[in-house]
Amino acid sequence: MPDRYHLIEIEGDEAFLRGYVEGYFRARGVDVSGVYFGSDVGLDDERFLTRLETFFGLKVEHNLLVMKGEFRTHLEEAMSRLPDRWRLQVKAVREVRRIRFPFRVDTPSREVAQRLKALFAGLPEGARIEGATVHEEHGDEGFETSAYAPEHPYRFRASGTVTGGVEPTLKAYRMLGEFENVVFDEPEFDLA
């Protein structure tokens, strides 16, 4: 049976939450690699006005975590031991069956394109790309290829949706997210 995962919304300061959860889990001997903070995996769709609201203290920070179901009891224990003055509060918990990350790529770099194609072929086991489209354009190699050139002799474009098991999809997101040429659209969830 595949691992169960939960999407957990926690109200409070992210830096404190991250330090507290990671410290508490490590003190209990729990491997924190199964805990994914939303800001690390594209689940913090924070816009400029929201950042201003937070800066001026007008809004409480909401954080999303995705974690293995077996870790939920550790989180509940950690939160029960936290004094009220730290103001972390679990607002919602939902089981996640699947996460999908639609993405687009556009790069004039052959080197980046080769690395991305290798990554597409070597995603973590359990992750895959659905609806993949890949388009390469080869043009005239005889002109300047600076970053500011109006046209480039090579262009690589791709799009698709990373999906599969929850943890492999999150790992694939992290791998693709290391490329500045990869742009992700809003994630899609299948919740229980």
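I will try to describe carefully the structure that is included in this document.

Reading guide: rules and limits
Residues numbered from 1 in each chain as written. Predicted model: local features only at pLDDT ≥ 70, side-chain atom pairs only at ≥ 80, totals over all residues. Heavy atoms only, no water. Core = buried A, V, L, I, M, F, W, Y, C linked by side-chain atoms within 4.5 Å. Buried < 20%, exposed > 50% of the residue type's maximum accessible area, 1.4 Å probe, protein only. Helix = DSSP H or I, 4+ residues; strand = E, 2+ residues; numbered from the N terminus. Contact = heavy atoms within 4.5 Å. Polar contact = N/O pair within 3.5 Å; in protein donor to acceptor, adjacent residues only side chain to side chain. Phe/Tyr/Trp six-rings, centres within 6.5 Å; stacked < 30°, edge-to-face > 60°. Axes fitted to C-alpha atoms, helices over the stretch in contact; angles between N-to-C directions. Parallel < 35°, antiparallel > 145°, perpendicular 65-115°, else oblique. Left-handed = near helix turned anticlockwise from the far one by under 90°. Nonpolar A, V, L, I, M, F, W, Y, C, P; charged D, E, K, R; others polar. Expected span 1.5 Å × (residues − 1). Arc of directions from axis to C-beta.

### Details of the nonpolar core
In this structure, Val-66 and Leu-116 are the most contacted members of the largest nonpolar core, which totals 30 residues. Of all elements in the fold, only β1 (5–11), β4 (89–107), α4 (110–121), β6 (154–164), α5 (166–177) and β7 (182–184) reach the threshold of two or more residues within this core. The next biggest cluster of nonpolar side chains, apart from the first, holds 19 residues, and it includes Ile-10, Tyr-20, Phe-37 and Met-79.

### Considering the environment of Phe-184
Inspection of the secondary structure assignment puts Phe-184 in strand β7. In this structure the C-alpha to C-alpha distance between Phe-184 and Val-105, which are 79 residues apart in sequence, comes to 8.9 Å. Filtering out sequence-adjacent residues up to four positions away, Phe-184 remains in contact with Phe-101, Pro-102, Phe-103, Tyr-173, Leu-176 and Gly-177.

### Points about the side chain of Arg-100
Relative to the elements of secondary structure, Arg-100 occurs in strand β4. Within the structure, the side chain of Arg-100 is placed 3.0 Å from the side chain of Asp-190, a separation counted as a polar contact. In this structure Arg-100 touches Thr-161, Val-162, Thr-163, Pro-187, Glu-188 and Asp-190, once residues within four positions along its chain are discounted.

### A word on the packing of aromatic side chains
One pass over the full model with this rule turns up 7 aromatic pairs. With centroids separated by 5.9 Å and ring planes inclined at 10 degrees, the aromatic side chains of Phe-16 and Tyr-20 adopt a geometry described as stacked. With Phe-16 and Tyr-20 both in helix α1 (residues 14–27) and 4 residues apart, this pair spans about one turn of that helix. Take Phe-16: its relative accessible area is 24%, and that puts it in the partly exposed class. With relative accessibility at 17%, the residue Tyr-20 sits in the buried group. Ring plane angle 85 degrees and centroid distance 5.8 Å describe the contact between Phe-25 and Phe-71, whose orientation is recorded as edge-to-face.

### Topic: the packing of α1 against helix α3 (residues 72–80)
At a closest axis distance of 10 Å, the pairing of α1 and α3 adopts a crossing angle of 115 degrees. Here α1 lies roughly perpendicular to α3, going by the angle between them. Judged by the sense of rotation from one axis to the other, the crossing of α1 with α3 is right-handed. Between α1 and α3, the residues in contact are Tyr-20, Val-21, Tyr-24 and Phe-25 and His-74, Leu-75, Glu-77, Ala-78 and Met-79, respectively. Residues belonging to the contact of α1 with α3 are distributed by class as follows: 7 nonpolar, 1 polar and 1 charged.

### Notes on α4
In this model α4 runs 17 Å from its N-terminal to its C-terminal C-alpha over 12 residues, within 8% of the 16 Å that 1.5 Å per residue would give. Those residues of α4 that fall on the buried side of the exposure criterion are Val-112, Ala-113, Leu-116, Leu-119 and Phe-120. Projected down its long axis, α4 shows its buried positions confined to an angular sector of 125 degrees, all on one face. Exposed residues lying more than 90 degrees from the buried face of α4 are Glu-111, Ala-118 and Ala-121. Of the surrounding elements, those touching the buried residues of α4 are β4, β5 (127–138), β6, α5 and β7. For α4, the capping residue at the N-terminal end is Ser-109, with a side-chain oxygen 3.4 Å from the backbone nitrogen of Glu-111.

### A few points about the side chain of Thr-161
Residue placement: Thr-161 occurs in strand β6. Thr-161 has contacts with Arg-100, Phe-101, Pro-102, Phe-103, Arg-128, Ile-129 and Glu-130, leaving out every residue within four places of it along the chain.

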